[in-house]
Amino acid sequence: AGGVVLGKSADKLFSLSGLFAVYKPKGPTSAGVLNLLKERLLAEAGVQTNGNKRSQILKIGHGGTLDSAAAGVLVVGIGKGTKMLKTMLAGSKKYTAIGLLGKATDTLDATGKVTEEKPYDQITKGDLENVLQKFTGDIMQVPPLYSALKKDGERLSTLMKRGEAVEAKPARPVTVYSLSLQQFQPPLFTLDVECGGGFYVRSLVSDIGKELSTCATMQELTRTKHGPFTLEEHTLYEDKWTIDEIARSLEHCMSLLPEEPSHKKLKTEHPGETAVSCE
């Protein structure tokens, strides 16, 4: 009978399809979190994985990298949901970031080497709030050198760590929908940011420092929302990485997404519901 039960949960696992969100803690890479999730699910389903074959067995992907040092919402696609991830990459995201005035690092965050120190005592809360207006709307941003962006197929961060000279990527247009100062306790300041795709909060914090004639580096970053998925409502923590919990979550999460024309039948049953839940 044992074999039958295994078969059942494996069947359920491989029938899972859609998008859901998991909590990425500080420390591991986004890819590392996905691998752990995959291992958990395959182990629960009793699927034997030998070496690298497991990647072909279960289709799973994420909708936009969070730096190792960052935490929060990581959108995951499973089964046919992996095809929906491209649209997630461009979707709006919300972050809470803690910046540190008076210090700059090579990575623009707390993991890097300090490259510069400057006084910051002259900066007031008002100065900071005024500067934020310059970074709201459609702006140009230079992505960080240490990033997942690639040059000749290699990540810039890998090249930098090998000590190779890396030229900064050119500034590119990005969108900041809203930006507000939540707290100011020098040298620390806390920002809430809502932005579009391709935006680096690390670069924002660094640029704010320069604009204030000092320097700044990002101490902490949490992604609180990605598309319709929020940290409070939709994010599965590690203890909930089970086939049943994910199946439940998928049912809930798929109702948040704008419906495809093929699902018109469902629409008549809950008029207006999807519109409300996408707030």
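Residues numbered from 1 in each chain as written. Predicted model: local features only at pLDDT ≥ 70, side-chain atom pairs only at ≥ 80, totals over all residues. Heavy atoms only, no water.

The chain carries the name Pseudouridylate synthase TRUB1 in an unreviewed UniProt entry, which gives Heliornis fulica as its organism. You can read under Sequence similarities (unreviewed entry) in the UniProt record for the chain the words "Belongs to the pseudouridine synthase TruB family." (UniProt positions renumbered as here; feature names shortened; annotations may be inferred.)

Asker: Looking at this model, I keep getting lost on the overall build of the chain. Mind explaining?
Answerer: Helix and strand counts for the chain stand at 11 helices and 14 strands. The proportion of buried residues among the 279 residues of the chain is 42%. For the chain, the accessible surface area stands at approximately 14,800 Å², while carbon and sulfur atoms represent 53% of it. (Helix = DSSP H or I, 4+ residues; strand = E, 2+ residues; numbered from the N terminus. Buried < 20%, exposed > 50% of the residue type's maximum accessible area, 1.4 Å probe, protein only. Areas by Shrake-Rupley, 256 points an atom, 1.4 Å probe, with all protein chains shown as cover.)

Asker: What am I meant to see in the packing of aromatic side chains here?
Answerer: For any pair of aromatic rings, the description rests on two quantities: the centre-to-centre distance and the angle between the ring planes. For the structure shown, the criterion picks out 1 aromatic pair. Ring centres of Tyr23 and Tyr237 lie 4.5 Å apart, and the angle between their planes is 20°; on these two criteria the pair is classed as stacked. Here the residue Tyr23 occupies a position in strand E1 (residues 18–24), and Tyr237 occupies one in the loop between strand E14 (235–236) and helix H9 (243–254), the gap between them amounting to 214 residues. Under the relative-accessibility criterion, Tyr23 is labelled partly exposed at 22%. By relative accessible area, which is 38% here, Tyr237 ends up partly exposed. (Phe/Tyr/Trp six-rings, centres within 6.5 Å; stacked < 30°, edge-to-face > 60°.)

Asker: Looking at this model, I keep getting lost on H9. Mind explaining?
Answerer: The end-to-end C-alpha distance of H9, which contains 12 residues, comes to 16 Å, matching closely the 16 Å that a straight helix rising 1.5 Å per residue would cover. Among the residues of H9, Ile243, Ile246, Ala247, Ser249, Leu250 and Cys253 are the ones counted as buried. Down the axis of H9, the buried side of the element spans an arc of 165°, and every buried residue falls inside it. Those residues of H9 that are exposed and angled more than 90 degrees off the buried face are Arg248 and Glu251. (Expected span 1.5 Å × (residues − 1). Arc of directions from axis to C-beta.)

Asker: Any chance you could explain helix H5 (residues 125–134) here in plain terms?
Answerer: Because an α-helix completes one turn every 3.6 residues, residues spaced three or four positions apart along the sequence face the same direction. Among all positions in H5, only Leu128, Val131 and Leu132 are buried. Projection of H5 onto a plane perpendicular to its axis shows the buried side chains occupying an angular sector of 110°, all on one side. Away from its buried face by more than 90 degrees, H5 exposes Gln133 and Lys134. Close packing links the buried residues of H5 with strand E10 (172–185), strand E11 (188–195) and helix H7 (201–211). (Contact = heavy atoms within 4.5 Å.)

Asker: Looking at this structure, how should I read the pattern of salt bridges?
Answerer: Oppositely charged side chains can pair when the atoms bearing their charge come close. For the structure shown, the criterion picks out 8 salt bridges. Between Asp244 and Lys12 there is a salt bridge whose closest N-O contact spans 2.8 Å. Of this pair, Asp244 sits in helix H9 while Lys12 is found in helix H1 (residues 2–15), placing the two residues 232 residues apart along the sequence. The exposure class of Lys12 is partly exposed, given its relative accessible area of 34%. Linking Glu238 and Arg40 is a salt bridge whose minimum nitrogen-to-oxygen distance equals 2.5 Å. Here the residue Glu238 occupies a position in the loop between E14 and H9, and Arg40 occupies one in helix H2 (residues 30–44), the gap between them amounting to 198 residues. (Salt bridge = Lys/Arg side-chain N within 4 Å of Asp/Glu carboxyl O.)

Asker: Explain the nonpolar core here, please?
Answerer: One broad rule of soluble globular proteins: the nonpolar side chains tend to lie buried together. Of all hydrophobic cores here, the largest spans 33 residues; its most connected members are Leu13, Phe20, Val22, Leu37, Leu41, Ile78 and Phe229. Sorting the residues of this core by element identifies H1, E1, H2, strand E3 (71–78), helix H4 (85–90) and H9 as the ones contributing at least two each. Beyond its immediate sequence surroundings of up to four residues, Leu41 is in contact with Leu13, Leu58, Ile60, Ile78, Trp241, Thr242, Ile243 and Ile246. Membership of the second largest hydrophobic core comes to 29 residues, among which are Leu132, Val201, Leu212 and Leu221. (Core = buried A, V, L, I, M, F, W, Y, C linked by side-chain atoms within 4.5 Å.)

Asker: What's the story with the side chain of Lys93 in this structure? I'm lost.
Answerer: With respect to the secondary-structure elements, Lys93 resides in strand E4 (residues 93–101). Of the side chains with opposite charge, Glu194 comes closest to the buried, unpaired Lys93, at an N-O distance of 10 Å. Side-chain polar atoms of Lys93 contact the backbone oxygen of Gly91, separated by 3.2 Å. Those residues within four positions of Lys93 in sequence are excluded, and the remaining contacts are Met88, Val193, Glu194, Cys195, Gly196, Gly197, Arg223, Lys225 and His226. (Lys, Arg positive; Asp, Glu negative; His and termini not counted. Polar contact = N/O pair within 3.5 Å; in protein donor to acceptor, adjacent residues only side chain to side chain.)

Asker: How do you make sense of the confidence of the model for the chain when you look at a structure like this?
Answerer: The predicted structure's coordinates, where accompanied by low pLDDT, should not be read in detail. In this model, the chain carries a mean pLDDT of 87, and residues with pLDDT of at least 70 account for 86%. Confidence over residues 261–279 falls short of pLDDT 50; this stretch has 9 contacts with residues more than four positions distant or in other chains. (pLDDT = per-residue confidence, 0-100.)

Asker: What is the right way to look at the UniProt feature "domain: tRNA pseudouridylate synthase B C-terminal" (unreviewed entry) in the chain in this model?
Answerer: Here, UniProt's "domain: tRNA pseudouridylate synthase B C-terminal" (unreviewed entry) annotation points to residues 202–236. End C-alpha to end C-alpha, residues 202–236 measures 26 Å, and it is 40% helix and 43% strand.

Asker: Looking at this model, I keep getting lost on the pairing of E1. Mind explaining?
Answerer: For a regular strand, side-chain orientation follows a simple rule: the groups alternate between the two sheet faces. In terms of residue burial, E1 counts as a mostly covered element, since 6 of its 7 residues are buried. Of the pairings in the sheet, the one linking E1 to E3 comprises 7 bridges and is antiparallel in character. Its bridge partner being in E3, Phe20 is matched across the sheet by Val76. (Pairing = 2+ DSSP bridges.)

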